[in-house]
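Tertiary structure, described
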Amino acid sequence: MADDTKATRLREALADSERKHPLLAIGAVNALAAHVAVEAGFDALWVSGLEVSAASGLPDANVLGARDLSDVVTSLGRVTELPIIVDIDNAGGSGRTAERFAYDLMRAGAAAVCVEDSAYPKCNSFAAHRAQTLADRDLLCEQVGRIRKIAGDGLVVVARTEALIAGEEDMPTAIARAEAYAEAGADALLIHSKDTTGDQARTIGRAWSHDVPLVSVPTAFPDLSAAELGEAGFRLCIYANQLSRAALAGMRTAARQFQRGGSFRSTVAGSLAEVGDLMRVGEPEALSCL
């Protein structure tokens, strides 16, 4: 069964207006990534729809189900007690499917879910081959309410609007959507932005006057530091896919080194973790002769 202590701890931390620095969450697609996140001192883990889809060889287009995400949550819980926030996209596009995601993920050990107002089937926020479209505002309000009914306080509910991503609505309308989701029972609000300057994120912080805390996913504006986002009014920063991108780059470097030299010797350009380091993620007492 789920441990609502993690949800309570996360909710209280988000609500703490006296914090001088935002909470930091990092994308973790497996226990290896979770282990790295713990070592680096992150406050929470993010189970990204893009990361899980890519790791499974699937498009980020509502192909994942509750079981796929629950399996990842279970694996992360084997190596850390950090609260886990799960990206459930548009929760399958209906109120009933939102209930299923909430029930299964809470039982798997998730502390929070993030549900967005993209239309079904969704596409990735940064896709260039397809256009993001929005669902009706009332649908996400219904989904937030149904998740709250199923989970009670056992899940933190982050409501996310893709209004600025879709480009169909201006900032006041995006803020109005977020306010409606707050009134529907969301614990935190994420107004997603792909503005690479970070100016839109700062504008969001200035425009938000609701008591419900703000969340940022600064994928498009990495030069804006967590401290600066905190000063702008954000209580949680989610670094959604950076570890997977780093792993992909590292794997390619190691493979190219092998192609050139015929071995996997560690070099300055491409170092490998020790075999024992890999073993200890699944078995902390394990030792290796290498």
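**So, the overall build of the chain**
Each helix and strand counted, the chain has 12 helices and 8 strands in total. Relative to its length of 290 residues, the chain is compact, with a C-alpha radius of gyration of 19 Å against a globular reference of 19 Å. Along the first, second and third principal axes, the C-alpha set of the chain runs to 60 × 40 × 40 Å. Across the 290 residues in the chain, those meeting the buried criterion constitute 49%. Looking at the chain alone, contacts between residues at least 24 apart form 68% of all its contacts between residues at least 6 apart. By element, 52% of the accessible surface of the chain is carried by carbon and sulfur atoms, the whole surface being about 13900 Å². Where the 28 positive side-chain charges of the chain centre and where its 39 negative ones centre are 4 Å apart.

**Some words on the packing of aromatic side chains**
Applying the stated criterion across every chain, the model contains 1 aromatic pair. Summarising the aromatic geometry, the rings of Phe258 and Phe264 are spaced 4.7 Å apart at their centres and angled 15° between planes, so their arrangement reads as stacked.

**Comments concerning the state of the cysteines**
Inspection of the entire model under this criterion finds 0 disulfides. Cys114 takes part in no disulfide bond, and the closest cysteine sulfur, belonging to Cys237, lies 14 Å away. Assessed through its relative accessible area of 1%, Cys114 is described here as buried. Cysteine Cys123 remains unbridged, with the sulfur of Cys114 as its closest cysteine sulfur at 16 Å.

**Here we look at the environment of Leu139**
Mapped onto the elements of the fold, Leu139 is located in helix α6 (residues 137–151). For Leu139 and Arg11, which are 128 residues apart along the polypeptide, the C-alpha to C-alpha distance reads 24 Å. Those residues within four positions of Leu139 in sequence are excluded, and the remaining contacts are Gly93, Ser94 and Gly95.

**Describing the sheet that holds strand β4 (residues 112–116)**
Pairing in this closed barrel of 8 strands is parallel, and the strands run β1-β2-β3-β4-β5-β6-β7-β8 around the ring. Looking at each pair of strands side by side, their axes are set apart by 25° on average, direction ignored. The sheet contact formed by strand β3 (residues 84–87) and β4 spans 3 bridges and is parallel. Across the sheet, Val86 pairs through a bridge with Val113, a residue of β4. In the packing of helix α9 (residues 199–207) onto the sheet, the strands contacted are β6 (188–191), β7 (214–216) and β8 (234–239), and the crossing angle to β8 comes to about 150°.

**Examining the side chain of Thr80**
Within the secondary structure, Thr80 sits in the loop between α4 (66–77) and β3. A residue is classified by how much of its surface remains accessible, and Thr80, at 7% relative accessible area, is buried.

**As for α6**
In this model α6 runs 21 Å from its N-terminal to its C-terminal C-alpha over 15 residues, within 8% of the 21 Å that 1.5 Å per residue would give. Every buried residue of α6 is listed here: Leu140, Cys141, Gln143, Val144, Ile147 and Ala151. Taken around the axis of α6, the buried residues stretch over an arc of 160°, which confines them to a single face. Away from its buried face by more than 90 degrees, α6 exposes Asp138 and Lys149. On its buried side, α6 packs onto α5 (95–108), β4, β5 (156–161) and α8 (171–183). Residue Gly152 follows α6 closely and has a positive phi angle near 60°.

Reading guide: rules and limits
- Residues numbered from 1 in each chain as written.
- Predicted model: local features only at pLDDT ≥ 70, side-chain atom pairs only at ≥ 80, totals over all residues.
- Heavy atoms only, no water.
- Helix = DSSP H or I, 4+ residues; strand = E, 2+ residues; numbered from the N terminus.
- Rg over C-alpha atoms; globule rule 2.2 N^0.38 Å.
- Buried < 20%, exposed > 50% of the residue type's maximum accessible area, 1.4 Å probe, protein only.
- Contact = heavy atoms within 4.5 Å.
- Areas by Shrake-Rupley, 256 points an atom, 1.4 Å probe, with all protein chains shown as cover.
- Lys, Arg positive; Asp, Glu negative; His and termini not counted.
- Charge placed at Lys NZ, Arg CZ, Asp CG, Glu CD.
- Phe/Tyr/Trp six-rings, centres within 6.5 Å; stacked < 30°, edge-to-face > 60°.
- Disulfide = S-S within 2.5 Å.
- Pairing = 2+ DSSP bridges.
- Axes fitted to C-alpha atoms, helices over the stretch in contact; angles between N-to-C directions.
- Expected span 1.5 Å × (residues − 1).
- Arc of directions from axis to C-beta.

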